[in-house]
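# Residue-level structural notes
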Amino acid sequence: MIIEPRMRGFICLTSHPKGCEKNVLNQIDYVKSKGAIDGPKKVLVIGASTGFGLASRITSAFGSDAATIGVFFEKAPAEGKTASPGYYNSLAFEAAAGKAGLYAKSINGDAFSNEVKEQTIDLIKADLGQIDLVIYSLASPVRQHPVTGVLHRSVLKPIGDTFTDKTVDFHTGIVSDVTITPCSDEDIANTVEVMGGEDWAMWMDALLNAGVLADGAMTVAYSYIGPKVTEPVYRKGTIGMAKDHLEATAFKITDDLAKIGGKAFVSVNKALVTQASSAIPVIPLYISLLYKIMKAEGTHEGCIEQIQRLFSARLYTNGTIPVDEKGRIRIDDWEMNPEVQKEVAELWKGATTENLTAIGDLAGYKSDFLNLFGFGFDGVDYAAEANEMVEIPGLI
Ligand code: NAD
Ligand code: NA
């Protein structure tokens, strides 16, 4: 069928298999253009199908010839209905990996469940023996707890005070005030259950106990800090409490991995347009101002540039891994540059519907958003019939 973007709210209901393929191939080309990394050889990526996780899988495979297992939760195609973009991304990734002679298999299911952890361990045992890197890159609004069965929902709310500030509807370009009322205590606990570190620790525990972690294995989860303007809804809000928990969990996991000499890290990444971040109020306006400034200074990066730099300049330099005073890897260094932040803060004050296209990179935001779903790529004929029913061979 002919596939066009169909927007509803913060999401796009359709995705384009050829465009998703193009997205993946572009990322592969980028990683190859940066040269080989003396990196991991057998990698598990949890949340491997989009955003930072997909970039981690691509960097592992095409930067250091790694065998990869990807875990994700994506919608397969149905007659007349496209798959979710992460499904087509993974199909394209596996095809490219296969062509390059690289092992790649994927598991589509709920990573929070015991079943998916067991399936993953079985697959590692059968095919790879042991793994040396685990990337934890889940972003989800819900988690069914594997022990209690409770379905926890995360919320994006301030703590304590009502928050009012500017936001932009990136589809229409309209800048307006958004007011978010403070969360309840339950909201905090639920958000920590979903986006905190418990599931990461459960994964590492299960992998360690199954004997599938190689000596010196490393695990990395992703976090975010961001600017003052987003603090009440992000870092000091409910999601920030979850990120605090995730960051604290790294130390606990490092302790648990002592017997194999393993280490857990959190990497603080840059704000980027992904399905997860588009849904957070205020962030799209911040991103559009940030992009404008970083593109002008030549320091703008997307997920793949971020992760390629994380692997080549932080994780696998053959030297010590540099961390901040809280033990975190910082690959958000260019975003958090005080000069950049000062400029964003100034632009923020004056941002309106009328001037945003001039002072911000709304066009860049929109184009990145469309790209997430495989739309807007050069070299893809969107007027042509596309086969939405393509399937990932051997998907578990
Ligand atoms: P994303 O939405 O692009 O990717 C989420 C991934 O998780 C997908 O592969 C999805 O299939 C998978 N997933 C979700 N629920 C799942 C489940 N129940 N079982 C299995 N897989 C599941 O998100 P992203 O922006 O790449 O976020 C990844 C991590 O990076 C998050 O921890 C996020 O907070 C962090 N981060 C994001 C940004 C940003 O600006 N986007 C910045 C810094 C850090
Ligand atoms: Na991801």
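Now for a look at the structure at hand. (Residues numbered from 1 in each chain as written. Chains lettered and ligands numbered in written order. Predicted model: local features only at pLDDT ≥ 70, side-chain atom pairs only at ≥ 80, totals over all residues. Heavy atoms only, no water.)

### What to know about the overall build of the protein chain
Along the protein chain, the regular secondary structure elements total 13 helices and 13 strands. Taking 396 residues into account, the globule formula puts the C-alpha radius of gyration at 21 Å, and the protein chain, at 20 Å, falls close to it. The dimensions of the protein chain, computed from C-alpha atoms along their principal axes, are 60 × 50 × 45 Å. Counting over 396 residues, the protein chain shows a buried share of 55%. A total accessible area of about 16,400 Å² is found for the protein chain, and carbon and sulfur atoms account for 53% of it. (Helix = DSSP H or I, 4+ residues; strand = E, 2+ residues; numbered from the N terminus. Rg over C-alpha atoms; globule rule 2.2 N^0.38 Å. Buried < 20%, exposed > 50% of the residue type's maximum accessible area, 1.4 Å probe, protein only. Areas by Shrake-Rupley, 256 points an atom, 1.4 Å probe, with all protein chains shown as cover.)

### Concerning the sheet that holds strand 5 (residues 104-108)
One open sheet holds the 7 strands; their spatial order is 5-4-3-6-11-12-13, and the pairing between them is parallel. The open sheet terminates on both sides in strands that have one partner only, identified here as strand 5 and strand 13 (329-330). Pairing between strand 11 (residues 213-223) and strand 12 (residues 263-268): 6 bridges, direction parallel. Its bridge partner being in strand 12, A221 is matched across the sheet by V266. Lying over the sheet, helix 6 (residues 198-209) contacts strand 3 (42-46), strand 4 (67-72), strand 6 (131-136), strand 11 and strand 12, oriented at roughly 170° with respect to strand 11. (Pairing = 2+ DSSP bridges. Contact = heavy atoms within 4.5 Å. Axes fitted to C-alpha atoms, helices over the stretch in contact; angles between N-to-C directions.)

### Some details on the coordination of the sodium ion (ligand 2)
Looking at the metal site, the sodium ion (ligand 2) is ligated by G47 (O), T50 (O), G53 (N), S137 (O) and S137 (OG), spaced 2.8 to 3.1 Å from it. Mapped onto the polypeptide sequence, the residues donating to the sodium ion (ligand 2) form the spacing pattern G-x2-T-x2-G-x83-S. Among the residues examined, G53 registers a relative accessible area of 0% and is labelled buried. (Donors = N, O, S within 2.8 Å, 3.2 Å for Na, K, Ca; no water.)

### Quick word on the packing of helix 5 (residues 185-195) against helix 7 (residues 238-256)
Running from N to C, helix 5 and helix 7 point in directions that differ by 45°, and their axes come no closer than 8 Å. Our classification of the angle between helix 5 and helix 7 gives oblique. Handedness of the crossing formed by helix 5 with helix 7: right-handed. When helix 5 is examined against helix 7, the residues D187, I188, T191, V192 and M195 are found in contact with a partner set consisting of T238, I239, M241, A242, K243, H245 and L246. Across the contact of helix 5 with helix 7, the residue classes tally to 7 nonpolar, 3 polar and 2 charged. (Parallel < 35°, antiparallel > 145°, perpendicular 65-115°, else oblique. Left-handed = near helix turned anticlockwise from the far one by under 90°. Nonpolar A, V, L, I, M, F, W, Y, C, P; charged D, E, K, R; others polar.)

### Considerations on the site of ligand 1
Taken together, 29 residues sit near ligand 1, with S49, T50, A111, K243 and T274 positioned nearest. Note that an oxygen atom of ligand 1 is positioned 3.4 Å from one of the backbone N or O atoms of G47. Take F73: an N or O atom from its main chain is 3.2 Å from an oxygen atom of ligand 1. Its free accessible area being 840 Å², ligand 1 has 92% of it covered by the protein chains. Counting only elements with at least two residues in the shell around ligand 1, the list comes to helix 2 (51-64), strand 11 and helix 8 (275-278). Across the shell around ligand 1, the residue classes break down as 14 nonpolar, 11 polar and 4 charged. (Near = heavy atom within 4 Å. Polar contact = N/O pair within 3.5 Å; in protein donor to acceptor, adjacent residues only side chain to side chain.)

### With respect to helix 11 (residues 338-350)
The end-to-end C-alpha distance of helix 11 is 19 Å, a good match for the 18 Å that 13 residues give at a rise of 1.5 Å each. The set of residues buried in helix 11 consists of V340, Q341, V344 and W348. Along the long axis of helix 11, the arc covered by the buried residues comes to 95°, so they all point the same way. Across from the buried face of helix 11, at angles greater than 90 degrees, the exposed residues are P338, E339, K342 and K349. Elements that come into contact with the buried residues of helix 11 comprise strand 9 (163-169) and helix 9 (283-297). Residue N337 occupies the N-cap position of helix 11, its side-chain oxygen lying 2.8 Å from the main-chain nitrogen of E339. (Expected span 1.5 Å × (residues − 1). Arc of directions from axis to C-beta.)

### Focus: the pairing of strand 6
Judged by how many residues are buried, strand 6 sits mostly within the fold: 5 of 6 residues are covered. Across 5 bridges, strand 6 lies against strand 11 in parallel orientation. For V134, the partnering residue across the bridge sits in strand 11 and is T219.

### A few points about the environment of A386
You can see A386 is positioned in the segment after helix 13 (362-372). Each C-alpha atom of the pair A386 and P17 lies 7.4 Å from the other, and the pair is 369 residues apart in sequence. Residues in contact with A386, not counting those within four places in the same chain, are M1, I3, H16 and P17.

### Let's talk about the nonpolar core
Within the largest apolar cluster, 86 residues are counted, with the highest numbers of intra-cluster contacts made by I58, F62, Y286, F311 and L315. Counting residues per element, this core draws most heavily on helix 9, at 9 residues. Not counting residues within four places of it along the chain, the set of residues in contact with Y286 comprises Y224, P227, V229, T230, A271, E335, Q341, V344 and W348. The next biggest cluster of nonpolar side chains, apart from the first, holds 34 residues, and it includes A67, I121, I124 and L207. (Core = buried A, V, L, I, M, F, W, Y, C linked by side-chain atoms within 4.5 Å.)

### Details of the environment of L13
The topology assignment puts L13 in the loop between strand 2 (11-12) and helix 1 (17-33). The class of L13 is partly exposed, set by a relative accessible area of 33%. Sequence separation of L13 and S84 is 71 residues, and the distance between their C-alpha atoms is 8.1 Å. Excluding its chain neighbours within four sequence positions, the residues that come into contact with L13 are R6, R8 and T82.

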